[in-house]
Amino acid sequence: MFAKLPWQVCLALAPVAWFGFNLLSKIEPPPVADVSQLGHTVAYQLAGTVGMFMQALAPAALLLAALTSWIATRKRASLLEQTKRRNESEPLLSLHWKQFESLVAAHFEQQGYHVALTKAGADGGVDAIAKKGGETFLIQCKQWRATQVGVGVVRELFGVMSAQGATGAYVVSAGPFTRPAVEFAEGRNIELIDANRIVRSAKPTTDQSASAQPNCPKCGAGMVKRTAKRGANAGNPFWGCSRYPDCRGTLSIDG
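Residues numbered from 1 in each chain as written. Predicted model: local features only at pLDDT ≥ 70, side-chain atom pairs only at ≥ 80, totals over all residues. Heavy atoms only, no water.

The subject of this paragraph is the overall build of the chain. Scanning the chain for helices and strands turns up seven helices and eight strands. Residues counted as buried form 35% of the 255 residues belonging to the chain. By element, 57% of the accessible surface of the chain is carried by carbon and sulfur atoms, the whole surface being about 14900 Å². (Helix = DSSP H or I, 4+ residues; strand = E, 2+ residues; numbered from the N terminus. Buried < 20%, exposed > 50% of the residue type's maximum accessible area, 1.4 Å probe, protein only. Areas by Shrake-Rupley, 256 points an atom, 1.4 Å probe, with all protein chains shown as cover.)

When the terminal C-alpha atoms of helix H3 (residues 97–110) are compared, their 20 Å separation across 14 residues agrees well with the 20 Å that a helix rising 1.5 Å per residue should span. Positive backbone phi, approximately 95°, marks Gly-112, located one or two places after H3. (Expected span 1.5 Å × (residues − 1).)

Taking strand neighbours across the sheet as the criterion, the five strands line up as E1-E2-E3-E4-E5 in an open arrangement whose pairing is mixed. Across the chains shown, the open sheet's two edge strands, defined by having one partner strand only, are strand E1 (114–117) and strand E5 (190–194). Averaged over all pairs of adjacent strands, the angle between their axes in this sheet comes to 20°, without regard to strand direction. As paired strands, strand E3 (residues 135–142) and strand E4 (residues 168–173) are joined by six bridges and run parallel to one another. Across the sheet, residue Lys-142 finds its bridge partner in E4, namely Ser-173. Packed onto the sheet, helix H4 (residues 151–164) meets E3, E4 and E5 and runs at close to 155° relative to E3. (Pairing = 2+ DSSP bridges. Axes fitted to C-alpha atoms, helices over the stretch in contact; angles between N-to-C directions. Contact = heavy atoms within 4.5 Å.)

Have a look at this one:
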């Protein structure tokens, strides 16, 4: 349970636990005046015994939890960096679904979130819970390779988000989102993220125009340069979503 907390928290709690149980171990039972007070004396002695043992066990357990939490965080970060360095065109497809969830968790941890992965098979539509600044965000991971993520997935996550009182939610997918899913997420504090964008974010490129390529403000996919063919801006270049016509997000070239 403690290993799910940030390792810094477990490390800080260790001396607090030692101090508290050390005080408990030094409790002296009151003198017994009659038989009716015997129960109180036994309770004091029991509390002192618990404190004597726990002053060593509790800090040790917290230090072990801190180490476990730190190792898990480092493993996720290492997986993310290794995937970014792969020369494969689609590095996400070679990952196991658990690795995919760990990679997503590492991405959010690099953004300053504390992320706890949920248990497999009983996540209630949530694969990870991220916390930052006292706010809670739900994360759903979809490693679907051919099937588009539909509005049902986003609607289910919105229901869980409302039930749990979360501030927002993210759906991270290795595949595209349908237009109804994008439209449903708008205005509901649910962000749809292209997992390929996470992996490509650190890949070196010699093409200056590619390195300046923005991401779609609507669905998070990469954008490509297009030229307006009609209207007041006919002939002018602009950024258009690479998932057009499923997504019609645009940005001006000059920002």
